[in-house]
Amino acid sequence: MIWCLISLVQGPADDPALLFRGSPDFYGAIGAGVTIEATAHPSTATVGEAITLTLKVSHLRNARDCTPPRLQEIPALAAAVQFEPDVITSIQPDGSVTYDYRIRPRGPGVLRIPRLRYRFVNPAAPPGQQLQTTYSEARDVPVTASAAAIKLPVEGPAEFFELVPVRPASAVSPWSWLTVAVLTAIAIPLGLFAISRFFVERIQFQRKRHIARLLNALDQCRRAPDPARHCAEILRQFARGYDDPAHETTMPSDVATDVARLLADCDAARFSPESIAIDRLIDDARRLVQSAGAGR
Amino acid sequence: MMTLILLPLMLSADPAEAFARGVERRNDQDQAWMHFKESSQGFEQQWRDTGSPEAAQNAARAAYLAGNVPRAVLLVRIALREYPWHEGLRRDLESMRTAILYPRPAEPSEQLRPDPPSELRHFVAPVDLLVLAIVAAGATAAGAWGGWLRRTRVWLVPLGLGLLLFGIVSVVAVLIGQQSRQDATLAVVRDVSILRRGNAESYDPRIAVPLPPGTEVRTIGRRGGWCRVQVAGGATGWLPESKLITAESVQR
């Protein structure tokens, strides 16, 4: 006995149709006086041969919105036949809809298509009340054994039948990498800033020391036998300081002009000492070196 | 005891081989489903072990071919939560959604089919942001270094560009983080179910047509064996917990 129904409606306890519970019972049908009819074609079959089980539901108002009843969830029917995945739905202008299920009997004998009923909502009825059709007639399909049973294929998009090469994922989440990168990106400029400050201070310190040495030498050169030559030498050292790559700067044009003028004065003082006062020359050179040191 | 003995053997089974056997027997659904199911379980385990998105993709494909569309959809969605930029996962999700018979919504809020993944996180990979962050770091460093040493305004250009890139990277990262949090309460309808207005069978349907298996929903709350869920269109209602597969049940 494969008496089944596709309804969850509570019925009398002794109702022989209520052998099976738990399948979905409502497929969104709205209408009045809805009827259901089940037919099977062909009327006889061999094992594995496709039978079209047609379920016709009439007097629907929303035939388009209804989903096909899941007959494959009726355990007894699922045990007796194999369902093809696609259900062909045809909507008629008169508000009826037919669902064609392709089923294949699994074994010989009499295949009984159970009596079925269908739940629907009648808008004219009290709100929320769901009604049921009367049972469709049960159909018997004699099934004979065949030499080779037909089997259903698995269906799906073609690419799903191929595997994707599995690449080992990184042990560290990519978001962790990103966090590290952002933190690094913040740290790098800060680090460089700190380093540059440190180096610049070092450079400034060296520069100051260099200036101090030059000033000391200028003071000393007053007592030298040839102060103008010494002064010229110190000015050349001062100028060479600007060529030091660590300073990363060039001599400003006004300083260069002053250095050139003072060197010319030094030469003049050497060859005609009476023309230029050597002390004033050294004072000028001191001022130039001092101002250059302060400017840096 | 037998399970304990067989467990190492079961775990050591190669899911790729099971998949190949399933493909070999694809003309016999019953046989093939068994192998695809075995393969799906194997790839799921591989995914848990390695975290590889491709393993998740294979697990989902095998689950789909084993006839378990809801699990396949859920696997892809969970993997996409971790790897939202993965194009293969996005493509597979769309193929799976095509196979689900979503009913036509009576109103926009009742739409059950989610829109294709098109958020920012689906197009920006962390490696893209990583590259941007490195470029930003380089530009900022060069600008800061050069500007400090040379004392010229030209260096403000790379400094400004670097800081701007930093801003962009930060905003994108925050947006992606916010978008990812929305996926935290993911669930998929396991079986045809009616979305109801309350947490009992006696309540009226919230959406007249039942939700087909594979419908993706977001869980909002739970009470008495029922889950309050939100469908893609925004409508909320209640579904029995037994009709749902939640992300927690297949979490890595």
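Residues numbered from 1 in each chain as written. Chains lettered and ligands numbered in written order. Predicted model: local features only at pLDDT ≥ 70, side-chain atom pairs only at ≥ 80, totals over all residues. Heavy atoms only, no water.

## Concerning helix 3 (residues 227–241) of chain A
Link 1 in the chain: Between its first and last C-alpha, helix 3 of chain A extends 21 Å over 15 residues, near the 21 Å set by a 1.5 Å rise per residue.
Link 2 in the chain: Along helix 3 of chain A, the residues that are buried comprise Pro 227, Ala 228, Cys 231, Ala 232, Ile 234, Leu 235, Phe 238, Ala 239 and Gly 241 of chain A. (Helix = DSSP H or I, 4+ residues; strand = E, 2+ residues; numbered from the N terminus. Expected span 1.5 Å × (residues − 1). Buried < 20%, exposed > 50% of the residue type's maximum accessible area, 1.4 Å probe, protein only.)

## Some remarks on the interface of chain B and chain A
Think of interface size as the accessible area that goes away when the parts come together; that is how it is often given.
Link 1 in the chain: At the junction of the two partners, chain B supplies 55 residues and chain A supplies 48 residues.
Link 2 in the chain: Summed over both partners, the interface of chain B with chain A comes to about 4,500 Å²; 67% of that surface belongs to carbon and sulfur atoms.
Link 3 in the chain: Along the contact surface separating chain B from chain A lie four residue pairs in polar contact (both at pLDDT 80 or more).
Link 4 in the chain: When contributions to the side of chain B that touches chain A are tallied by element, the ones reaching two or more residues are helix 2 (15–24), helix 3 (29–50), helix 4 (53–65), helix 6 (87–99), helix 7 (126–150) and helix 8 (156–181) of chain B.
Link 5 in the chain: The biggest single contributor to the side of chain B that touches chain A is helix 7 of chain B, with eleven residues.
Link 6 in the chain: Taken together, the residues of the side of chain B that touches chain A break down into 33 nonpolar, eleven polar and eleven charged. (Contact = heavy atoms within 4.5 Å. Buried area = accessible area lost by both parts, 1.4 Å probe. Polar contact = N/O pair within 3.5 Å; in protein donor to acceptor, adjacent residues only side chain to side chain. Nonpolar A, V, L, I, M, F, W, Y, C, P; charged D, E, K, R; others polar.)

## Describing the pairing of strand 3 (residues 51–60) of chain A
All names here are of chain A.
Link 1 in the chain: Extensive coverage of strand 3 is indicated by the burial of seven of its ten residues.
Link 2 in the chain: Two strands pair when backbone bridges link them, and strand 1 (residues 31–41) and strand 3 are joined in this way by eight bridges, in the antiparallel orientation. Across the sheet, residue Gly 31 finds its bridge partner in strand 3, namely Leu 60.
Link 3 in the chain: Here strand 3 pairs with strand 5 (residues 97–105) via seven bridges, running antiparallel. Directly across from Val 57, in strand 5, lies its bridge partner Val 97. (Pairing = 2+ DSSP bridges.)

## Description of the state of the cysteines
Covalent bonding between the sulfur atoms of two cysteines is what defines a disulfide.
All names here are of chain A.
Link 1 in the chain: Applying the stated criterion across every chain yields a total of zero disulfides over all chains.
Link 2 in the chain: With no disulfide of its own, Cys 231 has Cys 266 as its nearest cysteine by sulfur position, at a separation of 3.8 Å.
Link 3 in the chain: Here Cys 231 falls in the buried class, since its relative accessible area comes to 0%. (Disulfide = S-S within 2.5 Å.)

## Brief notes about the sheet that holds strand 4 (residues 81–91) of chain A
Residues and elements named next belong to chain A.
Link 1 in the chain: Read across the open sheet, the four strands follow the order 1-3-5-4; overall the sheet is antiparallel. Among the strands making up the open sheet, the edge pair consists of strand 1 and strand 4. Going across the sheet, the axis of each strand differs from the next one's by a mean of 15°, ignoring polarity. (Axes fitted to C-alpha atoms, helices over the stretch in contact; angles between N-to-C directions.)

## Here we look at helix 5 (residues 69–82) of chain B
All names here are of chain B.
Link 1 in the chain: Compared with an ideal rise of 1.5 Å per residue, which puts 14 residues at 20 Å, helix 5 spans 20 Å between its outermost C-alpha atoms and is within 8% of the ideal.
Link 2 in the chain: Among the 14 residues in helix 5, twelve count as buried, and that is most of the element.
Link 3 in the chain: When helix 5 is considered as a whole, its buried residues turn out to be Val 69, Pro 70, Ala 72, Val 73, Leu 74, Leu 75, Val 76, Arg 77, Ile 78, Ala 79, Leu 80 and Arg 81.
Link 4 in the chain: The inward-facing, buried residues of helix 5 contact helix 3, helix 4, helix 6, strand 1 (186–189), strand 2 (216–223) and strand 5 (244–246).

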